[in-house]
Amino acid sequence: MDLQEQMKEYSALKALQIILALAEQKGWVNISDIAEATGLSPSTVHRILQELQACGFVSKNKEARQYKLGMGMMNIALKVNMSDYLLEAAQEEMIRLNELSLETIHLIAPDNDKAVYIGKMDAKNQIQLRSRIGWKIPLQCTSGGKLILAYHSREWVDSYLNYNPLKQYTNNTIIHKETLHRELELIRQQGYSLDNREHNPDIVCIAAPIFGIDGNLAGTIGISAPDYRFSPEKACSFAEEVKQSAAAITEKLQA
């Protein structure tokens, strides 16, 4: 690790100290109080607070010159809590689909411009998928990812595509904007999404949407398997079961 990397790591640790100090307080806090709690100099605390404020992680009371955690940090906490709650609510249905299909079950949640695996149950067959919890996957060509796009507005999807041009992963990947919009409309109509070897040339997946208490998409649950034993036709034969599981999880989240 070179000196520049060491300095970045050291700064990150100091920022974490300050965030933790703010998290322990119920209200607004002075720089001197933060410096005392962290052992950092007031000038260092002030500099890092400005950076955290620019990111939305800290809010400042200009008149009193005091600080507290901002909405950016609150949003991170909400996402973590929702992921934990979603995983807990989905356990029974993940087991059911795993026993029914004998294949890998994935629980996926939106993560900015990608999707992330937050739960996985391995296939009961000998050959397993290499996916891991925490892995991020693109939205345009995965069953869970396309569901995330499908349950956003067309304007949101167009904005997303402006920053994430359609990339070809396999011969089956959708690479034309209007074709993708037609696919998203079909997904909304049928209530499930199919990845027909669009991200990985050997993998087929089917997934259905899970909705949170606010009615927005909270995640997806799906079945994934190698195409030699899980053709698109076979995947679609599980559509109603996957939709049933997604609806059951949604009911728990909205209870």
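Residues numbered from 1 in each chain as written. Predicted model: local features only at pLDDT ≥ 70, side-chain atom pairs only at ≥ 80, totals over all residues. Heavy atoms only, no water.

1. A look at the nonpolar core
Consideration 1: Formed by 29 residues in total, the largest nonpolar core has its most connected members in Ile206 and Ile221.
Consideration 2: With 18 residues, the next largest nonpolar core counts Leu147, Tyr160, Leu161 and Ile174 among its residues. (Core = buried A, V, L, I, M, F, W, Y, C linked by side-chain atoms within 4.5 Å. Buried < 20%, exposed > 50% of the residue type's maximum accessible area, 1.4 Å probe, protein only.)

2. A word on helix α3 (residues 42-54)
Consideration 1: Between its terminal C-alpha atoms α3 stretches 18 Å, which fits the 18 Å expected from 13 residues at 1.5 Å a residue.
Consideration 2: For α3, the set of buried residues is Thr44, Val45, Ile48, Leu49 and Leu52. Around the axis of α3, the buried residues are gathered within 130° of arc, so they sit on the same side. The exposed residues of α3 that point more than 90 degrees off its buried face are Ser43 and Ala54. (Helix = DSSP H or I, 4+ residues; strand = E, 2+ residues; numbered from the N terminus. Expected span 1.5 Å × (residues − 1). Arc of directions from axis to C-beta.)

3. Some points on the layout of surface pockets
Consideration 1: Empty space within the second largest pocket amounts to approximately 430 Å³.
Consideration 2: Lining the second largest pocket are 23 residues, with Tyr117, Leu129, Ser131, Asn200 and Ile203 sitting closest to its centre.
Consideration 3: Of the residues assigned to the lining of the second largest pocket, the class counts are 10 nonpolar, 11 polar and 2 charged. (1 Å grid on protein atoms, 1.4 Å probe; cavity = no way out; pocket = protein on both sides within 12 Å on 5 of 7 lines; lining within 4 Å. Points joined across faces, edges and corners; volume = space filled by probe spheres on them. Nonpolar A, V, L, I, M, F, W, Y, C, P; charged D, E, K, R; others polar.)

4. Focus: the packing of helix α5 (residues 143-150) against helix α7 (residues 177-190)
Consideration 1: The N-to-C vectors of α5 and α7 enclose an angle of 90°; their axes lie 9 Å apart at closest approach. With respect to α7, the element α5 is oriented roughly perpendicular. Side by side, α5 and α7 meet where Lys146, Leu147, Leu149 and Ala150 of the first sit next to Leu180, Glu183, Leu184, Ile187 and Arg188 of the second.
Consideration 2: Classifying every residue of the contact of α5 with α7 gives 6 nonpolar, no polar and 3 charged. (Axes fitted to C-alpha atoms, helices over the stretch in contact; angles between N-to-C directions. Parallel < 35°, antiparallel > 145°, perpendicular 65-115°, else oblique. Contact = heavy atoms within 4.5 Å.)

5. Things to note about unusual backbone geometry
Consideration 1: The phi dihedral of Leu102 is positive, around 70°, even though this residue is not glycine.
Consideration 2: Mapping Leu102 onto the fold places it in the loop between α4 (71-101) and β4 (104-111).
Consideration 3: For Arg197, which is not glycine, the phi torsion reads 60° and is therefore positive.

6. Description of the pairing of β4
Consideration 1: Taking burial as the measure, the 8 residues of β4 include 7 buried ones, the bulk of the element.
Consideration 2: Two strands pair when backbone bridges link them, and β4 and strand β9 (residues 217-226) are joined in this way by 5 bridges, in the antiparallel orientation. Counterpart to His106 in the pairing with β9 is Gly222.
Consideration 3: Sheet topology places β4 next to strand β5 (residues 114-121); 7 bridges connect them, and they run antiparallel. Across the sheet, residue Pro110 finds its bridge partner in β5, namely Ala115.
Consideration 4: Counted between consecutive antiparallel strands, the loop separating β4 from β5 contains 2 residues, among which Asn112 sits at a positive phi close to 55°. (Pairing = 2+ DSSP bridges.)

7. Re the pattern of salt bridges
Two side chains that carry opposite charge are able to pair once their charged atoms sit near each other.
Consideration 1: According to the stated counting rule, one finds 15 salt bridges in the structure shown.
Consideration 2: Two residues, Lys146 and Glu183, come together in a salt bridge whose shortest N-O distance is 2.9 Å. With Lys146 in helix α5 and Glu183 in helix α7, this residue pair connects regions lying 37 residues apart in the sequence.
Consideration 3: Bridged by salt links that share partners, the residues Arg154, Asp158, Lys177 and Glu178 form one connected network. (Salt bridge = Lys/Arg side-chain N within 4 Å of Asp/Glu carboxyl O.)

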